[in-house]
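Coordinate inspection notes
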Amino acid sequence: MKILVAGASGFIGSYLIRFLLKRGHHVIGVARSQPKQEILDPKYRFIAADTTLPGSWQEAAADADVVINLAGRSIFGRWNPAVKNEIRESRILTTRHVVQGLHSGKPTVLISASGVGYYGNRGDEVLAEEASAGDDFLAGLSLDWQREALAAEAKGARVVLTRFGVVLGKGGGAMAQMVPAFKYFLGGPLGSGRQWFPWIHIEDLAEAMQFLIDRPEISGPVNVCAPEPVRQRDFAAALGRALKRPAVMPAPAFLVRLALGEFADVLLASQRAIPQTLLRHQFRFRHAHIRSALDAIVHTESA
């Protein structure tokens, strides 16, 4: 298949491209800049483009069998109105231009990636795909984001709305932020630690994307997270165990909010998301348990 990946230079995008190439696909990566580690493969082509703007890159979307949209400004960091506008426009405008670029009448698969932030802060409620959206900034953004993606159905595309848990893997993403703190004995739970922490190993995420491409009967929202979410304090304990460091330095909620402002609520939110659609279609997880997933990542990091 010919697959276009928007957001090719990020942690998830660069991993996914290599995974798809190994599966024999022809891949086109689109991003503002090349990944840190250049991908050298005759089946790969990179297009440098700002996807918040229309351009010739849309011709590649029209020619693709599958478009995977991962593009979007990072949500990590302190928010202000300008930052929130960048977060929003990077997702809404890119998705709009991807849909505009699709060829009408061609049975393209559009996989539009967002996160479990769609659900907002929901305590102990179990969140399968039919659960309602939350009422905060990320939830509202997710609703508008998926509305832009679903417009592709009018062009004959099959649209899959993936909602990622926190993606764990070697050399980037959440682990790159957390591991240094634990190595210096500064790691621990955030706030009460009772909030649910939905997660996914990057190997399972990549396998899930291939699974969704191969299953024409699947469309609409799909939670891409491990089948066993854990409480944040249990995640911190498991990471400390894997790194052979104690998880003894909790960060009180008021300090997290003092440091990060509104974004702190994202880190302190509880989302007990489960991958009901993947499980119903018998997707097999390699890393279903947090301890084995973290052990595998840390072992790879130190190998």
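As shown above, the structure is provided for reference.
Within every chain, residues take consecutive numbers counted from 1 along the sequence as written. Only residues with pLDDT of at least 70 get local features here, since the model is predicted, and only at 80 or more are side-chain atom pairs given and counted; chain-wide, interface and lining totals rely on the full set of residues. Only hydrogens and water are set aside; all other atoms, that is, all heavy atoms of the structure, feed into the side-chain values.

With that settled, consider the side chain of Ser 270. Helix and strand labels come from DSSP, where a helix needs a run of H or I of at least four residues and a strand needs a run of E of at least two; each type is numbered from the N terminus. Among the structural elements, Ser 270 can be located in the loop between helix 9 (264-268) and strand 13 (272-273). Whether two residues are in contact is decided by their heavy atoms: any pair within 4.5 Å suffices. Excluding anything up to four places from it in sequence, Ser 270 contacts Gly 120, Asn 121, Arg 122, Gly 123, Gln 195 and Trp 196.

This brings us to the pairing of strand 4 (residues 66-69). With a 1.4 Å probe rolled over the protein chains alone, any residue whose accessible area is under 20% of its type maximum counts as buried; one over 50% counts as exposed, and the rest are partly exposed. Of the two faces of strand 4, the one holding Val 66 and Ile 68 and the one holding Val 67 and Asn 69 are both buried throughout. Sheet topology places strand 1 (residues 2-6) next to strand 4; four bridges connect them, and they run parallel. The residue bridging Leu 4 from the neighbouring strand is Val 67, located in strand 4. Should DSSP find at least two bridges between two strands, the strands are taken to pair. Examined bridge by bridge, strand 4 and strand 5 (residues 109-115) share four bridges and lie parallel to one another. Bridge pairing links Val 66 to Val 109 in strand 5. Call a crossover right-handed when, viewed with both strands pointing away from you, the route from the first strand across the helix to the second goes clockwise. Since strand 4 and strand 5 lie parallel, the crossover through helix 3 (residues 81-101) that links them has a hand, and here it is right-handed.

Here we take up empty space enclosed by the protein. A 1.4 Å probe that fits into a set of points on a 1 Å grid over the protein atoms alone but cannot get out defines a cavity; an open set with protein on both sides within 12 Å along at least five of seven lines defines a pocket, and lining residues are those with an atom within 4 Å of a point. Grid points are joined across faces, edges and corners, and a volume is the space filled by probe spheres set on the points. Within the structure shown, the criterion is met by one cavity of 30 Å³ or more. In this structure, the largest cavity encloses a volume near 40 Å³. Around the largest cavity, the lining residues are Ser 112, Ala 113, Ser 114, Ser 142, Trp 145, Gln 146 and Leu 161.

Further remarks concern unusual backbone geometry. Look at Gln 282: it is not a glycine, yet its phi comes out positive at around 65°. Take Gln 282: it is sitting in the loop between helix 10 (276-280) and helix 11 (290-302).

All right, on to the pattern of salt bridges then. Salt-bridge detection follows one rule: a side-chain nitrogen of Lys or Arg within 4 Å of a carboxyl oxygen of Asp or Glu. Going through the model one piece at a time under the given rule, you end up with 15 salt bridges. Taking the shortest distance from any N to any O, the salt bridge between Arg 286 and Glu 207 comes out at 2.9 Å. Here Arg 286 is found in the loop between helix 10 and helix 11, whereas its partner Glu 207 is found in helix 6 (residues 202-214), with 79 residues between them in sequence. On the accessibility criterion, Arg 286 (54% relative accessible area) is exposed.

With that out of the way, let us pick up the sheet that holds strand 5. Here seven strands make up an open sheet; going across it, the order is 3-2-1-4-5-7-11 and the pairing parallel. The outermost strands of the open sheet, each flanked by one partner alone, are strand 3 (44-48) and strand 11 (220-224). Within the sheet, the average angular offset between the axes of one strand and its neighbour, ignoring direction, is 20°. Most of the contacts of helix 4 (residues 137-150) go to strand 7 (residues 158-164), to which it runs at about 155°, and overall it touches strand 4, strand 5 and strand 7. Note on method: axes are straight lines fitted to C-alpha atoms, helices fitted across the in-contact stretch only, with angles between N-to-C directions ranging 0 to 180 degrees.

Working definition: rings of Phe, Tyr and Trp (its six-membered ring) pair if their centres are within 6.5 Å, and the pair is stacked with planes under 30 degrees apart, edge-to-face with planes over 60 apart, and tilted otherwise. Applying the stated rule across the entire model yields seven aromatic pairs. Ring plane angle 70° and centroid distance 5.4 Å describe the contact between Phe 76 and Phe 263, whose orientation is recorded as edge-to-face. Here Phe 263 lies in the loop between helix 8 (253-260) and helix 9 and Phe 76 lies in the loop between strand 4 and helix 3, a separation of 187 residues in the sequence. Plain terms: the ring middles of Phe 283 and Phe 285 are 4.9 Å apart, the flat faces sit at 85° to each other, and that makes the pair edge-to-face. Comparing Phe 283 with Phe 285, the two get one shared label, buried. One aromatic cluster is present, built from ring pairs that chain together Phe 76, Trp 79, Phe 137 and Phe 263. The lysine or arginine in question, Lys 84, covers the ring of Phe 137, its NZ or CZ lying 4.9 Å from the ring centre. In this arrangement the basic side chain of Arg 163 is found over the ring face of Tyr 118, its NZ or CZ atom lying 3.6 Å from the centre. By definition here, charges over rings are those cases where NZ of Lys or CZ of Arg is within 6 Å of the ring centre and within 35 degrees of the ring normal.

Counted at 1.5 Å a residue, the expected span for helix 6 with its 13 residues is 18 Å, and the 19 Å between its end C-alpha atoms agrees. The buried count for helix 6 comes to 11 of 13 residues, which makes it a mostly enclosed element. Taken together, the buried positions of helix 6 are occupied by Ile 202, Asp 204, Leu 205, Ala 206, Glu 207, Ala 208, Met 209, Gln 210, Phe 211, Leu 212 and Ile 213. One less than the number of residues in a helix, times 1.5 Å, gives the span that helix is expected to have.

Patch members must show over 30% relative accessible area and no salt bridge, and they are joined within 9 Å when carrying like charges or within 5 Å when they are nonpolar side chains of Val, Leu, Ile, Met, Phe, Trp or Tyr. Note on areas: Shrake-Rupley with a 1.4 Å probe; residue coverage comes only from the protein chains shown. Together, Phe 254, Leu 255 and Leu 258 line one region of the surface with nonpolar side chains, adding up to about 340 Å² of accessible area. Residue position: Leu 258 is located in helix 8.

Attention shifts here to the environment of Trp 196. Note on placement: Trp 196 falls in strand 9 (residues 196-197). By relative accessible area, Trp 196 is classed as buried at 12%. Taking the C-alpha atoms as reference, Trp 196 lies 14 Å from Gly 115; in sequence the two are 81 residues apart. The residues touching Trp 196, leaving out its near neighbours within four places in the chain, are Gly 123, Asp 124, Pro 229, Val 230, Arg 231, Ala 269, Ser 270, Gln 271 and Arg 272.

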